[in-house]
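Next come the chains, spelled out residue by residue.
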Amino acid sequence: RIIFFFSSRRRHTRSSLVSWARRCVQETGEILFTMAERLARIFGTEEDKVNCPFYFKIGACRHGDRCTRLHNKPLLSQTVIIPHMYENPPAAVAFSEGTKVPEEALKEAVRHFEDFFEEVFIEMAKYGELEEMSVCDNVGDHLMGNVYAKYYREEDAKSALTALNGRYYAGRIIHCEYSPVTDFREARCRQYDEGTCTRGGYCNFIHMKHVSRTFKRSLFRQMYDDYPEYRRRRGERMKDTKQRSRSRSRKKHRHSKHSKSRSHSRDHHRSRSHSKSHSRHRSRSHERNLAKKTSEERRAMIAMWSKEDENKKDVENNKGPQILQDKTQDTSKGIQQENQVYNSKDKAEEKTNENTNHNPDSNLSLIHIS
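About the criteria used
Residues numbered from 1 in each chain as written. Predicted model: local features only at pLDDT ≥ 70, side-chain atom pairs only at ≥ 80, totals over all residues. Heavy atoms only, no water. Helix = DSSP H or I, 4+ residues; strand = E, 2+ residues; numbered from the N terminus. Contact = heavy atoms within 4.5 Å. pLDDT = per-residue confidence, 0-100. Phe/Tyr/Trp six-rings, centres within 6.5 Å; stacked < 30°, edge-to-face > 60°. Buried < 20%, exposed > 50% of the residue type's maximum accessible area, 1.4 Å probe, protein only.

Participant: I keep staring at the environment of Ile-81 and nothing clicks. Help me out?
Facilitator: As for its position among the elements, Ile-81 is in strand E1 (residues 79-82). Apart from residues no more than four positions distant in its own chain, Ile-81 is found in contact with Gly-59, Asn-146, Val-147, Tyr-148, His-175, Cys-176, Glu-177, Tyr-178 and Ser-179.

Participant: I would appreciate a short explanation of the confidence of the model for the protein chain in the present structure.
Facilitator: Atom-level detail of predicted coordinates should not be read off regions where pLDDT is low. For the protein chain, mean pLDDT is 75; residues scoring 70 or higher make up 63% of the total. Between the elements of the protein chain, mean pLDDT differs from a low of 39, seen in helix H12 (residues 361-369), to a high of 95, seen in strand E3 (residues 147-151). Low pLDDT, under 50, characterises residues 1-12; the predicted model gives this stretch seven contacts beyond four residues in sequence or across chains. Predicted confidence is poor over residues 320-324, with pLDDT under 50, and the contacts of this stretch with residues over four places away or in other chains come to zero contacts.

Participant: Please explain the packing of aromatic side chains as it appears in this structure.
Facilitator: For any pair of aromatic rings, geometry is given as the distance between the ring centres together with the angle between the planes. Counting across every chain of the model gives 10 aromatic pairs. Between Phe-117 and Phe-215, the aromatic rings sit 6.3 Å apart at their centres with planes inclined by 50 degrees, giving tilted as the arrangement. With Phe-117 in helix H5 (residues 103-124) and Phe-215 in helix H9 (residues 213-226), this residue pair connects regions lying 98 residues apart in the sequence. For the pair Phe-117 and Phe-215, one class covers both residues: buried. Aromatic rings pair up to connect Tyr-86, Phe-113, Phe-116, Phe-117, Phe-121, Tyr-169, Phe-215 and Phe-220 into one cluster.

Here you go:
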């Protein structure tokens, strides 16, 4: 309406207003795209001044409801958190703070934790197939005794949330909620895993309580034995992953073959085109050189080329009789040499016979001896 209002007043400004409006729309679209890209990049990081990065990574914040940033609680998730469910024994709390504790007290604390872990794991497995379960060893108020249970399916997490809310454990009411944590590698304290965390139990990242592999395997084996449908789902998942990996490898192999054939065909095409262009260039240059010369010079060159061709033909035709003459000469020479040899032998035999005939004493001596 604005464009048509101005165009009715000044007709010559209508096209300029349309181009200006299009330019404004394009610039605003680019600005919005860059803003959305930046927000998606900094979401859940320290640069994000709106959303709390600790709640996004850990599922808990030390400031709680007093935090100045937003805690975006998910409406549906694979992970369920039960805050403050496990009560650490005094020996475990003292050990996490860095004080020396006797071995017997530590062994008792480990047994207490394993009993708790087994009981909660079996109860959580009733609602669906568990992928992972962990317990916090932190001493801070926002992480102390938190239990994280991650399921393979969101429907199982939902059924566990509805079934556990309002129940009691060790005389305390259970309050479950969904957690945004799906990858515990970002939530865990790497320095604690390496044994170099200087903050101790008051660290803001998760210090997971250690559970032995054999103990975990026995619990998962028990879960699959009690619920055969979980084992069947696991087999289907493994088949799907194998098929995907095979399809990816086949695609890569086909892509490599296709790229090789394409590169070979390109090289062959380039070589052929290069040879053709080179021959064309030669012929064109030859034609240009002929065109530059005068008619008399061209006639002389043509005559010279014809003479060269005639000389070549004569040489090829004369090669045959020359070869025959050479052969006949060689054979005649060989025959003459043989005749000379035979003549010399005959002369030598004649001389020997003459000598024997002129010496009669030789015959008499032979008769006298006999």
